[in-house]
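Chain by chain, the residues:
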Amino acid sequence: MISTKVAVAHPNIALAKYWGKRAYGHNLPAVPSLSVTLAGMATTTKVTFDDDLAADELVLNGSPASGEPLTRVTNLLDRVRLRSGVRAKARVESSNDFPTASGLASSASAFAALAVAASAAAGLDLDVAERSDLARKTSVSAARSLFGGFCELRAGREGDETLAAAEVAPKTHWDLAVVVAVTREGPKDVGSSEGMKHTSLTSPYFPAWVESAPAMFETVKRGLLARDFSVLGPAVEQSALAMHAAALAAAPATIYFTGATLEAVLEVRRIRASGLDAYLTIDAGPHVKVVTRGELATEVAKRMEQVPGVLRTIIARPGDGARVVESGA
Ligand code: PMV
């Protein structure tokens, strides 16, 4: 048998962060998160189940990949094979149309696109929650890229085997923009899986993070639903910085910041002091992402580009969820 499907997915940025897993197995997040899926950047993934293949194959941005990335891909494909009865191995060809060092190259768009393409190629007719759960079992943040606009993923509970993200508001709900201040093109950081595991095992602040994150999540959600920047913004910043505080208190510390990160943080504060709605968030890397109003994005980007150590900016707006497309890859 030969069966091929192509899917497209976009990265998402958490406005309320996920960091750390439950100890119950099943790759369950320890805290609830809320994100915006971003237009303008996409992962396109083609999955071909082929009886003639001896093993799963992965081609990333045109180059064959093995090791950890291939293992995670096979992990997802095995779930699809188990559920569909398809036994064939698969060739997975995936490419990003955005630079991998943009600070947006998380596993989210990759595993969202893979979940959609692989399940469709295997003939499974999954709804969006089932696809989200399939992606989440390999990469928690990927569960959120199944949805467009704004969505949430609750914390895992003991006994959960399935857990999917859910829409909070469509992309038309609010004209927000995310300005990414790229501070490094260089080598990889400590990956998020590794960083959060280390935090949960060694940081005395991890329990405090798990206890306080739900209230920050609720405030982010309330501010979003009310389209109230004065509620949303401070909670977005607190969620990100509390996550990093937990990582900084690990032994040894997991430090994602560079000098340029801190310069960019200070500039966001100056932009705000000048009267513009601009709040920062930072993921498992040195880049600073500024959440602002759509109409302020160009001005904010111009100011962030003046910061020493900021190499360039990318302006992103709310986009669509992962989906099957006719061709590509
Ligand atoms: O699911 P991962 O391994 O991509 O982890 C994502 C972690 C953060 O990006 C830092 C936060 C988040 O909620 O996306």
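Residues numbered from 1 in each chain as written. Predicted model: local features only at pLDDT ≥ 70, side-chain atom pairs only at ≥ 80, totals over all residues. Heavy atoms only, no water.

**Re the domain arrangement of the chain**
Domain parsing of the chain yields domain 1 (2-171) and domain 2 (176-318). For domain 1 versus domain 2, the separation of C-alpha centres amounts to 23 Å. Listed per partner, the contact involves 30 residues of domain 1 and 39 residues of domain 2. Approximately 2,900 Å² of surface area, both sides summed, lies buried where domain 1 meets domain 2, with 74% of it carried by carbon and sulfur atoms. Across the contact surface, domain 1 and domain 2 share two salt bridges. The residue D283 makes a salt bridge to K17 at a minimum N-O spacing of 2.6 Å. Counting across the domain 1 and domain 2 interface gives seven residue pairs in polar contact (both at pLDDT 80 or more). Considering only residue class, the side of domain 1 that touches domain 2 consists of 19 nonpolar, five polar and six charged. (Domains from an automatic or database assignment. Contact = heavy atoms within 4.5 Å. Buried area = accessible area lost by both parts, 1.4 Å probe. Salt bridge = Lys/Arg side-chain N within 4 Å of Asp/Glu carboxyl O. Polar contact = N/O pair within 3.5 Å; in protein donor to acceptor, adjacent residues only side chain to side chain. Nonpolar A, V, L, I, M, F, W, Y, C, P; charged D, E, K, R; others polar.)

**Points about the site of the ligand**
Close to the ligand lie 14 residues; Y18, S141, R144, S192 and D283 are nearest. The separation between an oxygen atom of the ligand and a polar side-chain atom of S107 is 3.3 Å. When the ligand sits alone it has 380 Å² of accessible area, and the protein chains cover 94% of it. Class assignment for the residues of the shell around the ligand results in seven nonpolar, four polar and three charged. Counting contributing residues per domain, the shell around the ligand is built from domain 1 (2-171) and domain 2 (176-318), each supplying no fewer than three. (Near = heavy atom within 4 Å. Areas by Shrake-Rupley, 256 points an atom, 1.4 Å probe, with all protein chains shown as cover.)

**Thoughts on the nonpolar core**
One finds V47, F49, L76, L77, V80, L114 and W209 to be the most contacted residues of the largest nonpolar core, which totals 53 residues. Element by element, the count of residues in this core is highest for helix α2 (residues 107-121), at nine residues. The residues that make up this core include at least three from each of domain 1 (2-171) and domain 2 (176-318). Listed in part, the 28 residues of the second largest apolar core include L104, W174, L176 and V236. (Core = buried A, V, L, I, M, F, W, Y, C linked by side-chain atoms within 4.5 Å. Buried < 20%, exposed > 50% of the residue type's maximum accessible area, 1.4 Å probe, protein only. Helix = DSSP H or I, 4+ residues; strand = E, 2+ residues; numbered from the N terminus.)

**Focus: the pattern of salt bridges**
Inspection of every chain in the model, using the stated rule, returns 19 salt bridges. A salt bridge links R81 to D78; its shortest N-O distance comes to 2.8 Å. Here R81 pairs with D78, and both are found in helix α1 (residues 67-84), just three residues apart, close to one helical turn. Taking relative accessible area as the criterion, D78 reaches 38% and is therefore assigned partly exposed. The shortest N-O distance in the salt bridge between E152 and K221 comes to 3.0 Å. Of this pair, E152 sits in strand β8 (residues 150-153) while K221 sits in helix α5 (residues 206-225), and the two are 69 residues apart along the sequence. Each of the salt bridges in this network shares a partner with another, and the network as a whole consists of K17, D283 and K289.

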